[in-house]
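Now for the letters of each chain:
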Amino acid sequence: MTTFITEDWLRANHTLSEGSEIRLPADSRMTPSARELIEGRRLLVKFQDEQGRLFVAASLDEDKALPELQPVHGLTSQDRAAAASCELCHQAVVDKPDTLTHLNAQVMVAKNDPRLAFRARLDASIATAVWLQSELSGMESVAHWLADIRSLLGNIMRADALDIPLAAQEIAGLTADEIHRLSHQPLKFLGHDHIVPDVNQGRDVALLNLLRASVRETEITAAKVFIGADYHVQKADLLQALNRLSSAVYVLMILCVRQNRHQGEWPSAEQLKQSIARGGAHAH
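Let me begin by describing the structure that accompanies this report. In this text the structure is predicted, and so the values were computed from the model without any measurement.

## What to know about the overall build of the chain
Each helix and strand in the chain was counted, giving nine helices and nine strands. With the principal axes as the frame, the chain shows a C-alpha extent of 65 × 55 × 30 Å. Residues classed as buried in the chain amount to 40% of the 284 residues present. Across the chain, the fraction of contacts at a sequence separation of at least 24, relative to all contacts at a separation of at least 6, is 58%. A distance of 4 Å separates the average location of the 29 positive side-chain charges in the chain from that of its 36 negative side-chain charges.

In structure tokens, the structure reads:
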């Protein structure tokens, strides 16, 4: 049985930030508009069968009924495991001891390496985001934000593990700069001032604050790893992305507070962009 993937299906089921990874059923066949969207956003497409195995297409040839699939590793997208060497002695690791683990496909490091502490914090933030996606799945507007937040966390993990640049990302249709402005001047742009977490804000806001705090901890851990004693910064793109992520969750919390207090309808990305463009939620 063939699963037909349309542009509308992609937009409804996946976050489509530049360079993101999406997973489709192994029997997928894409419409021309879906293929154009994937190519335009430079999305990494992986196909997954019922046994959970991952594949990539040799090509997205629209003349073929189904893409020709090649099995790959879930993170690296490579069709075979790379030989890994110890970072300290540069020797190939044949029998991996419990005290070593992969930093990437080619290098193994001790498990007390600070870079692994960052990965662990990032992993915890991803776990929290997925949990909130499950808990708040009935709230369509919130679910859209959380899907993009989860996607960006995964893209950060992938960019770090593969040591590749992180493409420009959007959350709920908003750029990093727009998120920054909304979080710093919420009264001006959202019609509600800054908030301090409080039980009276309700369960949804309390859950979102757990994610905000987790992302902030991840950012601080990343800063310890990627900012040297001389203030030389490595992987500035990941640091900025994490900063904007915590801001995005904070903006989402304020939107939920507004919603809980019946202070207007949930604003679309276009409405938020217009608010910023005209200088405020109530400006004329």
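## Regarding the nonpolar core
Judged by nonpolar contacts, the single largest core of 50 residues is most densely connected at Trp145, Leu146, Ile149, Ile156, Leu208 and Leu245. Those elements giving two or more residues to this core turn out to be helix H3 (114–135), helix H4 (140–162), helix H5 (176–184), helix H6 (186–190), helix H7 (203–226), helix H8 (236–260) and helix H9 (269–277). Among the elements that line this core, the one with the most residues is H8, at 15 residues. Ignoring sequence-local partners within four residues, the contact set of Ile156 consists of Phe118, Leu122, Leu166, Leu238, Ala241, Leu242 and Leu245. Counting residues in each nonpolar core, the second largest holds 14 residues, with Leu10, Met30, Ile38 and Phe55 among its members.

## With respect to the packing of H5 against H8
Geometry of a packed helix pair, given as the angle between the helix axes and the separation of the axes. For the pair H5 and H8, interaxial distance at closest approach is 9 Å and the crossing angle is 50°. Relative to H8, the element H5 lies oblique. As for how H5 packs across H8, the hand of that crossing is left-handed. Two secondary-structure elements touch here, H5 through Ala176, Ile179, His180, Leu182 and Ser183 and H8 through Arg244, Ser247, Ala248, Tyr250 and Val251.

## What about the pattern of salt bridges?
Considering all chains together, one arrives at 12 salt bridges under this definition. Residue Lys273 is joined to Glu178 by a salt bridge in which the shortest nitrogen-to-oxygen separation is 2.7 Å. One end of the pair, Lys273, is in helix H9; the other, Glu178, is in helix H5, with 95 residues separating them in the sequence. Given the relative accessible area of 24%, Lys273 is considered partly exposed. Among the residues examined, Glu178 registers a relative accessible area of 15% and is labelled buried. It is possible to trace a salt-bridge network through shared partners that takes in Arg119, Asp160, Asp163 and Lys235.

Each value, and the rule that gives it
- Residue positions are counted from 1 within each chain, in the order its sequence is given.
- Predicted model: local features are reported for residues with pLDDT of at least 70 only, side-chain atom pairs are reported and counted for 80 or more only, and whole-chain, interface and lining totals are derived from all residues.
- Computation of side-chain values covers all heavy atoms of the structure but excludes hydrogens and water.
- Helix and strand assignments follow DSSP, with helices taken as H or I runs no shorter than four residues and strands as E runs no shorter than two, numbered in order from the N terminus.
- Partly exposed residues are those whose accessible area sits between 20% and 50% of the maximum for their type, while under 20% is buried and over 50% is exposed, using a 1.4 Å probe and protein chains only.
- Here, residues are in contact when the closest pair of their heavy atoms is within 4.5 Å.
- Asp and Glu are treated as the negative residues and Lys and Arg as the positive ones, with His and the ends of the chain left uncounted.
- The atoms used to mark charge sites are NZ of Lys, CZ of Arg, CG of Asp and CD of Glu.
- Each nonpolar core is a collection of buried residues, namely Ala, Val, Leu, Ile, Met, Phe, Trp, Tyr and Cys, held together in the definition by side-chain atoms within 4.5 Å.
- Helix axes are fitted to C-alpha atoms over the stretch in contact, other axes to C-alpha atoms as well, and angles between N-to-C directions run from 0 to 180 degrees.
- Angle categories: roughly parallel below 35 degrees, roughly antiparallel above 145, roughly perpendicular from 65 to 115, and oblique for all the rest.
- We call a crossing left-handed when the near helix sits turned anticlockwise from the far one by less than a right angle, and right-handed when that turn is clockwise.
- Basic side-chain nitrogens of Lys or Arg form a salt bridge, by our definition, when they fall within 4 Å of a carboxyl oxygen of Asp or Glu.

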